[in-house]
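# Residue-level structure breakdown
Read off the chains here:
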Amino acid sequence: MEELRAAAKQNKAWPFEEARRLLKRFPQGKPDGSPVLFETGYGPSGLPHIGTFNEVLRTTMVRRAFELLTGGEIPTRLVAFSDDMDGLRKVPDNIPNAEMLTEDLHKPLTKVRDPFGKYESFAHHNNAMLRAFLDRFNFDYEFVSSTERYSSGAFDDALRNVLRNYQAIMDIMLPTLGKERQATYSPVLPISAKSGHVLQVAVEVLDAESGMIAFEDEGERIEHCILSGGAKLQWKADWAMRWVALGVDYEMYGKDLTESGIQSGKIAKALGGRKPEGLIYEMFLDEKGEKISKSKGNGLSLEEWLDYGSKQSLAFYIYREPKSAKQLHIGVIPRAVDEYFQMRGNYPQQKPDKKLGNPVHHVHAARGEAVPDTVLPVTYGLLLNLVGVMGADVTKEQIWGYLGNYVEGADAAAYPELDGLIDNAMAYTRDFVAPSLKRRKPEGSEVDALRTLDNELSKLDDSAAAEDIQTIVYEIGKDEAYGFENLRDWFRALYETLLGSSAGPRMGSFIKLYGVANTRVLISEALA
């Protein structure tokens with residue numbers, strides 16, 4: 001552990017870079033001895049997607065890096081804050097019973113009815129979905145509800161502070177707004193006793209200590225107490241208030257909130273606090289290159305990734321290059337799975353500095369566990385090719401039968417992770433691969449090359465090594481008699497005629513796994 005701690009002080013992996021900035025702020029811990037507080041924010045106005053999960057994961061990675069740097073001598077906490085008292089401004093595109101939500105527009109999200117009919121509100125439904133996934137990943141966090149904090153009076157002192165500094169906050173915000181918005185802007189959003197709506201109206205502060213304000217509601221002047229759930233704050237003011245009230249020391253956010261972070265930092269200073277440290281990360285994009293949005297529902301859900309890939313592969317993908325925009329869609333899953341296992345295979349032999357720079361260290365540190373040292377006998381890509389050739393109606397038992405021929409003693413008990421990946425591969429093949437597979441007929445010299453391959457395979461049995469089979473495939477592709485400009489063209493021909501796809505695995509490994517006799521059947525079908 002001391003060797004890793006020493007390496008962490010110089011390591012350039014981004015969680016350590018972030019942790020060192022935070023440690024510079026608190027080299028001996030917080031003056032009052034309280035834990036260094038990490039926060040993540042979530043707005044449950046739509047179904048949570050992987051972009052939501054991203055913040056908790058990445059923040060946890062920084063938290064664990066901080067703990068390693070300090071040897072655990074400085075206590076830490078992580079709060080996952082849900083802004084569930086926010087008013088519903090738009091009905092998401094990807095939910096049922098949209099008419100019902102339209103009727104509940106502008107109400108706090110914890111007062112909007114659940115379109116799925118499972119929870120007491122839409123916010124409760126979305127909060128439960130998020131918490132279930134965070135728990136599934138074994139995150140150490142405290143869930144905090146905005147509605148609970150406002151309604152219980154926990155934020156009352158902070159709200160009084162906002163009213164005392166009301167003009168200073170207005171002076172910060174008004175120059176950032178257009179003329180029309182300036183006329184109605186207020187950092188305080190009262191909850192209407194008439195409609196139950198979160199109102200965006202001009203507000204007059206009557207008495208900061210009692211929390212009394214005045215505003216106009218449906219043509220009537222209303223005097224109203226904002227304490228104990230009578231109002232919430234406009235989100236930039238809310239963000240700043242939360243930083244000060246909770247004592248937040250670290251919070252990351254997306255590039256699209258850069259300007260908002262600047263304004264909230266100024267408001268936090270006006271309230272007597274300061275902006276926390278934090279990484280500004282790039283956004284996830286869908287397959288069209290468009291920003292992922294909860295209301296559009298154009299991102300992956302948490303469950304969708306887990307249908308087709310492992311939890312670890314998801315964390316691995318999210319870890320990489322947080323300051324670069326990345327596409328996040330179904331098509332990235334297979335490569336993420338295989339790259340995760342490749343990096344994990346490298347980990348045991350690496351020196352401490354390299355280990356801390358290896359993404360799998362951060363993936364497993366976030367889960368509070370050591371990096372596993374087990375190695376899978378096949379790649380996910382190879383598994384997908386096997387399932388694709390066997391067909392969408394293949395059974396798990398049949399797949400294990402093939403794997404048992406490839407690796408002695410291969411079964412679910414010996415390789416539980418592989419057993420889970422088989423489920424993923426079957427689902428991915430069924431939903432995405434099988435509908436697109438289309439084997440073409442070999443053309444020109446491809447016919448002769450396939451006949452030669454079949455002839456060479458006829459001399460082998462299933463005991464032949466994958467590398468020996470690969471050598472045979474290579475030699476045919478390099479033979480000038482068949483006219484392939486390069487090996488890539490030969491392999492593409494094999495993939496397209498035998499597997500029905502434009503890309504594929506090492507053919508030696510595939511033939512070994514699928515079986516020499518079965519592969520000869522594929523060649524026979526292609527040549528028929």
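This text goes with the structure placed above it.
Attention here is on the structure that accompanies the text. Keep in mind it's a predicted model, so treat the numbers as computed, not measured.

### Things to note about the overall build of the protein chain
Across its full length, the protein chain holds 24 helices and 12 strands. Here the C-alpha coordinates of the protein chain stretch approximately 95 × 55 × 40 Å along the principal axes. Expressed as a percentage of contacts within the protein chain between residues at least 6 apart in sequence, the contacts between residues at least 24 apart total 68%. By element, 48% of the accessible surface of the protein chain is carried by carbon and sulfur atoms, the whole surface being about 23,500 Å². Side-chain charges in the protein chain split into 63 positive and 77 negative, and the spacing between the mean points of these groups amounts to 5 Å.

### Things to note about the pattern of salt bridges
Applying the stated rule across the entire model yields 42 salt bridges. Here Asp83 makes a salt bridge to Lys232, at a shortest N to O gap of 3.6 Å. Within this pair, whereas Asp83 is found in the loop between β2 (76-82) and α4 (98-103), its partner Lys232 is found in strand β8 (residues 231-233), the two being separated by 149 residues in sequence. Exposure class is identical for Asp83 and Lys232. Each is buried. Between Glu467 and Arg506 there is a salt bridge whose closest N-O contact spans 3.0 Å. With Glu467 in helix α21 (residues 466-478) and Arg506 in the loop between α22 (487-499) and α23 (507-514), this pair connects stretches of sequence that are 39 residues apart. Connected through shared salt-bridge partners, Glu39, Asp83, Lys232, Asp238 and Arg242 make up one network.

### Regarding empty space enclosed by the protein
For the structure on display, the rule yields one cavity of 30 Å³ or more. Taken as a whole, the largest cavity holds about 40 Å³ of empty space. In this structure, the largest cavity is lined by Thr40, Gly41, Tyr42, Thr52, Glu55, Val56, Ala80, Phe81 and Leu130. Those elements that provide at least two residues to the lining of the largest cavity are β1 (36-42), α3 (50-70) and β2.

### A short note on the nonpolar core
Within soluble globular proteins, side chains that are nonpolar tend to cluster in buried spots. Judged by nonpolar contacts, the single largest core of 113 residues is most densely connected at Phe53, Trp305 and Leu403. Phe53 has contacts with Phe133, Leu134, Phe137, Phe139, Leu302, Leu314 and Ile318, leaving out every residue within four places of it along the chain. The next biggest cluster of nonpolar side chains, apart from the first, holds 43 residues, and it includes Val79, Ala231, Trp239 and Met241.

### A few points about the layout of surface pockets
Of the voids in this model, the second largest pocket is the one considered here, and its volume is about 760 Å³. Contributions of two or more residues to the lining of the second largest pocket are made by α14 (333-346), α17 (380-390) and α19 (416-433). Within the lining of the second largest pocket, the residues separate by chemical class into 18 nonpolar, 13 polar and five charged.

### Notes on the pairing of strand β6 (residues 212-217)
For a regular strand, the rule is simple: side chains alternate between the two faces of the sheet. As paired strands, strand β5 (residues 204-207) and β6 are joined by three bridges and run antiparallel to one another. Counterpart to Glu204 in the pairing with β6 is Ala214. Linking β5 back to β6 in an antiparallel pair, the connection comprises four residues, with Gly211 at a positive phi of about 75°. Strand direction decides the pairing type here: β6 and strand β7 (residues 220-225), joined by six bridges, are antiparallel. Paired with Ala214 across the two strands is Glu223, which belongs to β7. The antiparallel pairing of β6 with β7 creates a hairpin that spans two residues between the two strands, and Glu218 there sits at a positive phi of about 55°.

### Structural notes on the packing of aromatic side chains
Think of a pair of aromatic rings as described by two things: how far the centres are apart, and how the planes are tilted against each other in angle. Inspection of the entire model under this criterion finds 23 aromatic pairs. With a centroid separation of 5.0 Å and 75° between ring planes, the pair formed by Trp239 and Tyr253 is classed as edge-to-face. Highlighted residues: Trp239 in helix α10 (residues 235-246) and Tyr253 in strand β9 (residues 253-254), separated in sequence by 14 residues. In this structure, Trp239 and Tyr253 share a single accessibility class: buried.

### Observations regarding the sheet that holds β5
Read from one edge to the other, the open sheet built from three strands follows the order β5-β6-β7, with strand pairing classed as antiparallel. Edge positions in the sheet fall to β5 and β7, since each of these pairs with one other strand and no more. Averaged over neighbouring strand pairs, the angle between their axes works out to 35° when direction is ignored.

### Notes on the environment of Ile511
Looking at the element boundaries, Ile511 is found in helix α23. Those residues in contact with Ile511 that lie beyond four places of it in its chain are Leu457, Ile469, Val473, Val516 and Thr519.

### Description of the side chain of Asp84
Here Asp84 shows up in the loop between β2 and α4. Notably, Asp84 is buried but unbridged: the nearest opposite-charge side chain belongs to Arg131, and the N-O separation is 8.4 Å. A polar contact of 2.8 Å, which involves the side chain of Asp84, links it to the side chain of Ser145. When residues no more than four places from it in sequence are discounted, the contact partners of Asp84 are Pro44, Pro108, Leu109, Thr110, Ala123, Asn127, Ser145, Ser146 and Thr147.

### Quick word on the sheet that holds β2
With parallel pairing, the three strands of this open sheet are ordered in space as β1-β2-β3. Two strands close off the open sheet at either side, each with one partner strand: β1 and β3 (142-145). The sheet shows a mean angle of 30° between the axes of neighbouring strands, taken without regard to direction. Against the sheet, α3 makes contact with β1 and β2, and its axis sits at roughly 170° relative to β1, the strand it touches most.

### Considering the packing of helix α20 (residues 445-457) against α21
Closest axis-to-axis distance for the α20/α21 pair is 10 Å, and the angle between their directions is 150°. Looking at the two axes, α20 sits roughly antiparallel to α21. Relative to α21, α20 is oriented so that their crossing is right-handed. Between α20 and α21, the contacting residues are Ala449, Thr452, Leu453, Glu456 and Leu457 on the first element and Ile469, Ile472, Val473 and Ile476 on the second. For the contact of α20 with α21, the residue count by class is seven nonpolar, one polar and one charged.

### Here we look at the side chain of Arg58
Secondary-structure assignment places Arg58 in helix α3. Discounting residues that sit within four places of it in the chain, Arg58 has contacts with Trp14, Met252, Tyr281, Phe284, Ile318, Arg320, Pro322 and Lys326.

Each value, and the rule that gives it
- Residues numbered from 1 in each chain as written.
- Predicted model: local features only at pLDDT ≥ 70, side-chain atom pairs only at ≥ 80, totals over all residues.
- Heavy atoms only, no water.
- Helix = DSSP H or I, 4+ residues; strand = E, 2+ residues; numbered from the N terminus.
- Contact = heavy atoms within 4.5 Å.
- Areas by Shrake-Rupley, 256 points an atom, 1.4 Å probe, with all protein chains shown as cover.
- Lys, Arg positive; Asp, Glu negative; His and termini not counted.
- Charge placed at Lys NZ, Arg CZ, Asp CG, Glu CD.
- Salt bridge = Lys/Arg side-chain N within 4 Å of Asp/Glu carboxyl O.
- Buried < 20%, exposed > 50% of the residue type's maximum accessible area, 1.4 Å probe, protein only.
- 1 Å grid on protein atoms, 1.4 Å probe; cavity = no way out; pocket = protein on both sides within 12 Å on 5 of 7 lines; lining within 4 Å.
- Points joined across faces, edges and corners; volume = space filled by probe spheres on them.
- Core = buried A, V, L, I, M, F, W, Y, C linked by side-chain atoms within 4.5 Å.
- Nonpolar A, V, L, I, M, F, W, Y, C, P; charged D, E, K, R; others polar.
- Pairing = 2+ DSSP bridges.
- Phe/Tyr/Trp six-rings, centres within 6.5 Å; stacked < 30°, edge-to-face > 60°.
- Axes fitted to C-alpha atoms, helices over the stretch in contact; angles between N-to-C directions.
- Polar contact = N/O pair within 3.5 Å; in protein donor to acceptor, adjacent residues only side chain to side chain.
- Parallel < 35°, antiparallel > 145°, perpendicular 65-115°, else oblique.
- Left-handed = near helix turned anticlockwise from the far one by under 90°.

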